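Here's the letter readout for the chains.
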Amino acid sequence: MARTGPQKIPGASQSYFFGTGQYSGSAMEVNCGVVHTTEGMSLTSYSSGAVAPNVTGVPDIKNRKIRWYQHFDVDESARALMNRSGGVETNTANVFQIELVGTCDDSKKTSWSGKKAGVDYLHWPTAPDWALAEVAWLVRWLNANHGIPLTCVSNWLAYGKDSRRPGVTPASYGANPARMSMSAWRSFTGWCGHQHVPENDHGDPGSMNFARVIAIAKGGSKPATEENDMDPVDVWAYKGKNEKHDAYSYLRGTNGAVRALSTQVAGLNATVKTLADKLGDDVDTDQVVAAVQKAIADAVVKVDVDITSNQES
C-alpha cells in the first residue's frame, strides 16, 4: 500500500527512529489514532523499537512545550498495542499511535516517588491546557495532512475509581465498558485511548480530557497560557515567531499576520478618507483613497508571494 502525505512530523526528533531496523512496520493509510501514557517520567527505548508507538511526546514543563520523538513513519504500523492471534488486527489497522510521557494513574495525581505533578511530571487526566494544546497541534497536523478526523470517543474511564464502573479499580483496566467490540474497531475513525482497543487490557490514558484536545485542534476556546489573549491558532503562531517551533507553526503564524493586516487596512482606509475630506475641494478624495488602496494591495500581494515562497522552500 502506498503511503501518501508527509511521513515525517515537523520538528520531531528522528534520533529514536526504528522504521529502518528490524522492527520496521507495514505500510498503511492512517485514519485513526490511539493515545497511550508511558507511566514513566522520561523517554524510553521501547526495547529498541519492539514495543514503540509512532511518536512519543516528552513534556518540557519548564518551557511549556512537548518535544516529539518519531519512531515510525506516519503511515507505518507501530507496535504499542497487543495483537492476539485469531482476533482483530490492532497495530496494522490504519492506526497512528502516540505515547505521552507521564502517568494516568490517579494515585499519582499529585505526587509520585517524591516528585511533584505539574513540576516534575504530568498526570495527563489533569494536564494543563498548554500540554493539551501541544497534543492538539499534532492532532491538527495529522488531520490536515492525513485526514484523521477531529473526533474522539466520549467515554474515557479513569485509571482509578470511576462511578461508571463501581467497585472496580482501576476502572479503565481490563474488560471495561468503554472497550470496543472487534466490529466497532474495524470501522473506527478518529481518536481513542489504549483503554478502548479490543484484545488489549491496559487502561491508559485514563480520564484524559481528549475532547478538550479536539476542541483546541478545531480552533476552540482559548487555552489558559501566558499568551491568554490569543486563541490556539495564535499560540502556535507565537511559538513560530519566537522559536520556529516547526513549519506548521510558521504557516499558522502567517495566517495570524494576514488577519492583523486586514484589520489595519480597514482602519487606514477610514483615516485617509477622513483626512482627505478635511483638505477641502482642492483635493480629489476618491483619487487619494484609490492611490492608498493600490499601495496597500501591492503590499498584500508581496506578503502573499513571500508566504508562498516560504511554504515551498
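These notes cover the structure that comes with them.

Rules behind the numbers
- Residues numbered from 1 in each chain as written.
- Predicted model: local features only at pLDDT ≥ 70, side-chain atom pairs only at ≥ 80, totals over all residues.
- Heavy atoms only, no water.
- Buried < 20%, exposed > 50% of the residue type's maximum accessible area, 1.4 Å probe, protein only.
- Helix = DSSP H or I, 4+ residues; strand = E, 2+ residues; numbered from the N terminus.
- Pairing = 2+ DSSP bridges.
- Salt bridge = Lys/Arg side-chain N within 4 Å of Asp/Glu carboxyl O.
- Axes fitted to C-alpha atoms, helices over the stretch in contact; angles between N-to-C directions.
- Contact = heavy atoms within 4.5 Å.
- Phe/Tyr/Trp six-rings, centres within 6.5 Å; stacked < 30°, edge-to-face > 60°.

### Observations concerning the pairing of strand 2 (residues 55-60)
The buried fraction of strand 2 is high, at six of six residues. Of the two faces of strand 2, the one carrying Val55, Gly57 and Pro59 and the one carrying Thr56, Val58 and Asp60 are both buried. In this sheet, strand 3 (residues 65-70) lies alongside strand 2 in antiparallel orientation, the contact comprising six bridges. When the sheet's bridge partners are listed, Thr56 is paired in strand 3 with Tyr69.

### Brief notes about the pattern of salt bridges
For the structure on display, the rule yields six salt bridges. Across the pair Glu76 and Arg3 runs a salt bridge whose closest N-O atoms are separated by 4.0 Å. Taken together, the residues Glu76 in the loop between strand 3 and strand 4 (95-100) and Arg3 in the segment before strand 1 (32-37) connect sequence positions 73 residues apart. Judged by relative accessible area, which is 32%, Arg3 ranks as partly exposed. Where Asp162 meets Arg164, a salt bridge forms, and the shortest distance between an N and an O atom there is 2.8 Å.

### Structural notes on helix 4 (residues 210-217)
Counting buried residues in helix 4 gives six out of eight residues, a clear majority hidden from the surface. When helix 4 is considered as a whole, its buried residues turn out to be Phe210, Arg212, Val213, Ile214, Ile216 and Ala217. Following helix 4 by one or two positions, Gly219 has its phi on the positive side, about 85°.

### What to know about the sheet that holds strand 2
Ordered by their spatial adjacency, five strands build an open sheet running 3-2-4-1-7, and the pairing between neighbours is mixed. One side of each edge strand has no neighbouring strand; the edge strands of this open sheet are strand 3 and strand 7 (190-193). Put simply, the sheet's adjacent strands are angled 25° from each other on average, direction ignored. When strand 1 meets strand 4, the two strands line up parallel, connected through six bridges. For Gly33, the partnering residue across the bridge sits in strand 4 and is Phe96. Here helix 2 (residues 129-146) sits on the sheet in contact with strand 2, strand 3, strand 4 and strand 7, set at roughly 40° to strand 3.

### Here we look at the environment of Lys65
Note on placement: Lys65 falls in strand 3. Separated by 70 residues in the primary sequence, Lys65 and Val135 have C-alpha atoms spaced 9.5 Å apart.

### Considerations on the pairing of strand 4
Within strand 4, six of the six residues are buried, leaving the element largely enclosed by the surrounding structure. Pairing between strand 2 and strand 4: three bridges, direction parallel. Bridging across to strand 4, Thr56 finds its partner in Glu99.

### Here we look at the packing of aromatic side chains
All told, the structure shown has seven aromatic pairs when counted by the stated rule. Measuring from ring centre to ring centre gives 5.2 Å for Trp112 and Tyr121, while their planes differ by 85°; the resulting arrangement is edge-to-face. For Trp112, a relative accessible area of 11% gives the class buried. For the pair Trp191 and Phe210, a centre-to-centre distance of 5.7 Å together with 35° between the ring planes defines the contact as tilted. Of this pair, Trp191 sits in strand 7 while Phe210 sits in helix 4, and the two are 19 residues apart along the sequence. Of the two residues examined, Trp191 and Phe210, each falls in the buried class. Taken together, Trp156, Trp191 and Phe210 form an aromatic cluster joined through their ring pairs.

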